[in-house]
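# Descriptive analysis of the structure
Given next are the chains, with one letter for each unit.
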Amino acid sequence: MWDFFAVATYGTVSLVFWYVGLVPDLATMRDRSTGLRARVYGVLALGWRGSARHWERHQTAYLLLAGLATTLVVSVHTVVSFDFAVAQLPGWHATVLPPYFVAGAIFSGFAMVLTLLIPVRVWLGLRALVTDRHLDYCARLMLTAGLVVAYGYAAELFFAWYSGDPHERDLLASHLHGRSAPLFWLIIGLNVVLPQSLWWRAARRSTVWLFLLSIAINLGMWLERWLIVISSLEHGFLPTTGGAYWPTFWDWLTLAGTLGFFAFFMLLFLRFVPAIAMSELRELVAERRRRGA
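Scoring rules and cut-offs
Residues numbered from 1 in each chain as written. Predicted model: local features only at pLDDT ≥ 70, side-chain atom pairs only at ≥ 80, totals over all residues. Heavy atoms only, no water. Helix = DSSP H or I, 4+ residues; strand = E, 2+ residues; numbered from the N terminus. Patch = residues over 30% accessible without salt bridge, like charges linked within 9 Å, V, L, I, M, F, W, Y side chains within 5 Å. Areas by Shrake-Rupley, 256 points an atom, 1.4 Å probe, with all protein chains shown as cover. Salt bridge = Lys/Arg side-chain N within 4 Å of Asp/Glu carboxyl O. Buried < 20%, exposed > 50% of the residue type's maximum accessible area, 1.4 Å probe, protein only. Axes fitted to C-alpha atoms, helices over the stretch in contact; angles between N-to-C directions. Parallel < 35°, antiparallel > 145°, perpendicular 65-115°, else oblique. Left-handed = near helix turned anticlockwise from the far one by under 90°. Contact = heavy atoms within 4.5 Å. Nonpolar A, V, L, I, M, F, W, Y, C, P; charged D, E, K, R; others polar. Expected span 1.5 Å × (residues − 1). Core = buried A, V, L, I, M, F, W, Y, C linked by side-chain atoms within 4.5 Å.

### Examining the environment of Thr 71
- Residue placement: Thr 71 occurs in helix H3 (residues 52-85).
- C-alpha of Thr 71 to C-alpha of Arg 282: the two residues are 211 residues apart in sequence and 29 Å apart in space.

### Some thoughts on a nonpolar patch on the surface
- Residues Met 1, Trp 2, Phe 4, Phe 5, Phe 82 and Val 86 make up a contiguous nonpolar surface patch of roughly 720 Å² in combined accessible area.
- For the nonpolar patch, the element with the most residues is helix H1 (residues 2-32), which contributes three residues.
- Mapped onto the elements, Phe 4 comes out in helix H1.

### Describing unusual backbone geometry
- For Leu 46, which is not glycine, the phi torsion reads 60° and is therefore positive.
- The topology assignment puts Leu 46 in the loop between helix H2 (35-44) and H3.
- Residue Leu 46 is classed as exposed on the basis of its relative accessible area, which comes to 60%.

### A few points about the packing of H3 against helix H4 (residues 97-123)
- Following both chains from N to C, one finds H3 and H4 inclined at 130°, their axes separated by 8 Å at the closest point. When the axes of H3 and H4 are compared, the pair comes out oblique. As H3 runs across H4, the sense of the crossing is right-handed. Contact with H3, carried on its side by Val 73, Val 74, His 77, Thr 78, Val 80, Ser 81, Phe 82, Phe 84 and Ala 85, involves Leu 97, Pro 98, Phe 101, Val 102 and Ala 105 of H4 and no other residues of that element.
- When its residues are assigned to classes, the contact of H3 with H4 shows eleven nonpolar, three polar and no charged.

### Quick look at helix H5 (residues 132-163)
- The terminal C-alpha atoms of H5 lie 46 Å apart, and with 32 residues this matches the ideal 46 Å at 1.5 Å per residue to within 8%.
- One or two residues past the end of H5 sits Gly 164, with phi positive at roughly 75°.

### A look at the nonpolar core
- The biggest cluster of nonpolar side chains holds 47 residues, and the ones touching the most others in it are Met 142 and Tyr 153.
- Going through the elements one at a time, H1, H3, H4, H5, helix H7 (181-193) and helix H9 (207-233) are the ones with two or more residues in this core.
- What Met 142 contacts, discounting residues up to four positions off in sequence, is Phe 107, Phe 110, Ala 111, Leu 114, Leu 198, Leu 213 and Ile 217.
- Judged by nonpolar contacts, the second largest core, of nine residues, contains Val 23, Ala 27, Trp 48 and Phe 269.

### So, the packing of H4 against H5
- Contact pair H4 / H5: the axes reach a minimum separation of 8 Å and the direction vectors enclose 150°. Overall, the two elements H4 and H5 adopt an arrangement that is roughly antiparallel. You can see that H4 and H5 cross each other, and the crossing is left-handed. Judged by residue contacts, Leu 97, Tyr 100, Ala 103, Gly 104, Ile 106, Phe 107, Phe 110, Ala 111, Leu 114, Leu 117, Ile 118 and Arg 121 of H4 engage Asp 132, Leu 135, Cys 138, Leu 141, Met 142, Ala 145, Gly 146, Val 148, Val 149, Gly 152, Tyr 153 and Glu 156 from H5.
- Looking at side-chain class alone, the contact of H4 with H5 contains 18 nonpolar, three polar and three charged residues.

So this is what it looks like as structure tokens:
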């Protein structure tokens, strides 16, 4: 129930925020199109005419949605982490999970941004708009969030040892040198060791390295979810709950289907909507002209 309302709220606000930002560009597409396409863009543009009154209300709504979305980043992932933290299961019952989940979302989110942005930047010729400086700043934020995630890993290990709970220590032993050890150390390598390269400016400015690193981080964060959910469920309090799980053929197909749906909608977005907001670029051009004057 918590997850449903949290994810539904997050998705709704994100969709509205994305759509409100597109309204001026949809009006531009409406004015440059003909026939059925112009009608579709006209409906989506909500009667936008670019008047001062429209811009004032647009900027106010956009700012309010931005503030609301920022708070939701913290609240939604905190609520999701509570699904685990309020349980007694080993590996879940920890107070570090709320900030750990928020930092992990920022960490994997910037990694996904780079995974999508770098190829699009090359394919659409956007190097003049998405500069190396932008990639550098994304890498810095990813490094900062990655350090918080690394602290979360260390805190989880320390709490499991310091608690003295035999079930928690059994899970800790499995992570360090047991059945889940290969997966655990792979996650440490992908999410903790490799991101340390971002301390060097050359790594932050290398598009090839950032692209490969972002894929590695996305993989590491996905495996971390596996470790949190599957590995903890394999180490319950009852012997009957123990065992090893491996996904079936249909589980892999479900995962592939979700990735396929995401790629499908991403390509639709790039095909029918400007990849970079034209209205924001006009503001930048006008600002440069004012400064030059």
